[in-house]
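One-letter residues, chain by chain:
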Amino acid sequence: MYEIVERRATWYLISIILIVPGILFMIWSLVAHGSILPLSIDYTGGTVWEMRFQQPVAPADMREIFVEAGYSDTSAFTVEDDQTLQVKFKNIDIDAKDSLISDIEARFGEFEERYYRSIGPAIGTEVSRAALLAVVVASIGILLYIAWAFREVPHPFRYGTCAVIALVHDVLVSITFLGIMHFVAGWEADALFLTAILTVIGFSVNDTIVIFDRIRENLRRHRGEPFATVANRSVLETLQRSLGTQVTVFFVLASILIFGGASLRQFMAVMLVGMLSGAYSTIFSATPLLV
């Protein structure tokens, strides 16, 4: 029988390698931006403007137009290809937008406006609070539910605590990925990022409960065996079911990531990475921690 639990020091080392960059990224973001993640206009307030041109346009050249107009905090980057740009900047009125359109067309020619979206800082603050509250409430609810569901076994809160630690692991891995993509492609934490994180939490906890439930059954079937042996047997017995469920989800996410278009790319990529982390943490983090 393959000893997964006995090799837990190796799994912990892998987890540390995956989550430490996310922690460092949050520290950097706190120093550089005043928040633990670089936030999109969904949280800070501002405008997103996506434009498609008939020829390639460099993001730096586009940003220069906005800076010259007085919007120094503007960021610009390509999406889909080098002819489509997305620009993020503070809220402006219609006259200011018309002036920017004239400047942009004078330099790069006519363009197709893909979308133009503005959000006020008051709404952004409200969404930020709701996001934090959602994560905290979800974690507490999961802890209490698992403790109640496993109330017949010794130390039921330990099961809930290990499940919550595993889901925090998945969140930090997702943040590590966001940090890498922030420097590569200018990604920021938006409302869909929160949605992806909460979905990952749900899937991760679901698989963890399946393994914990098998541990509870095997504790009755194999009385007298060391707990580590029972836990390892439970992981192996549920491994095929856990991986089968995850692989099915991976195929769906990968398909949407490839064919779903630029507007869904960040959301689906974070989901995919989070699900991969969830499949790993369920087997190699939650159960070894419980042991």
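Residues numbered from 1 in each chain as written. Predicted model: local features only at pLDDT ≥ 70, side-chain atom pairs only at ≥ 80, totals over all residues. Heavy atoms only, no water.

*Asks:* Got a sec to walk through the pairing of strand S3 (residues 81-89)? Specific residues and values, please.
*Replies:* Two elements, strand S1 (residues 46-53) and S3, share six bridges in a ladder whose sense is antiparallel. Residue pairing across strands places Val-48 opposite Lys-88, the latter belonging to S3. Joining the antiparallel neighbours strand S2 (residues 75-79) and S3 is a turn of one residue, in which Glu-80 adopts a positive phi near 70°. (Pairing = 2+ DSSP bridges. Helix = DSSP H or I, 4+ residues; strand = E, 2+ residues; numbered from the N terminus.)

*Asks:* How would you sum up the packing of helix H3 (residues 59-68) against helix H4 (residues 94-108)? Please name residues and give values.
*Replies:* Where H3 contacts H4, the two axes come as close as 10 Å, and the packing angle between them is 140°. In the crossing of H3 with H4, the sense of the turn from one axis to the other is right-handed. Across the interface between the two elements, Asp-61, Met-62, Glu-64, Ile-65 and Phe-66 of H3 pack against Leu-100, Asp-103, Ile-104, Arg-107 and Phe-108 of H4. The residue makeup of the contact of H3 with H4, split by class, is six nonpolar, no polar and four charged. (Axes fitted to C-alpha atoms, helices over the stretch in contact; angles between N-to-C directions. Left-handed = near helix turned anticlockwise from the far one by under 90°. Contact = heavy atoms within 4.5 Å. Nonpolar A, V, L, I, M, F, W, Y, C, P; charged D, E, K, R; others polar.)

*Asks:* Can you break down the sheet that holds S2 residue by residue, with the values?
*Replies:* Across the sheet, four strands lie side by side as S2-S3-S1-S4; this open sheet has antiparallel pairing. The two strands at the open ends of the sheet, each matched to only one other strand, are S2 and strand S4 (111-119). Within the sheet, the average angular offset between the axes of one strand and its neighbour, ignoring direction, is 20°. Both S1 and S4 contribute to a ladder of eight bridges, which runs antiparallel. Bridge pairing links Met-51 to Glu-113 in S4.

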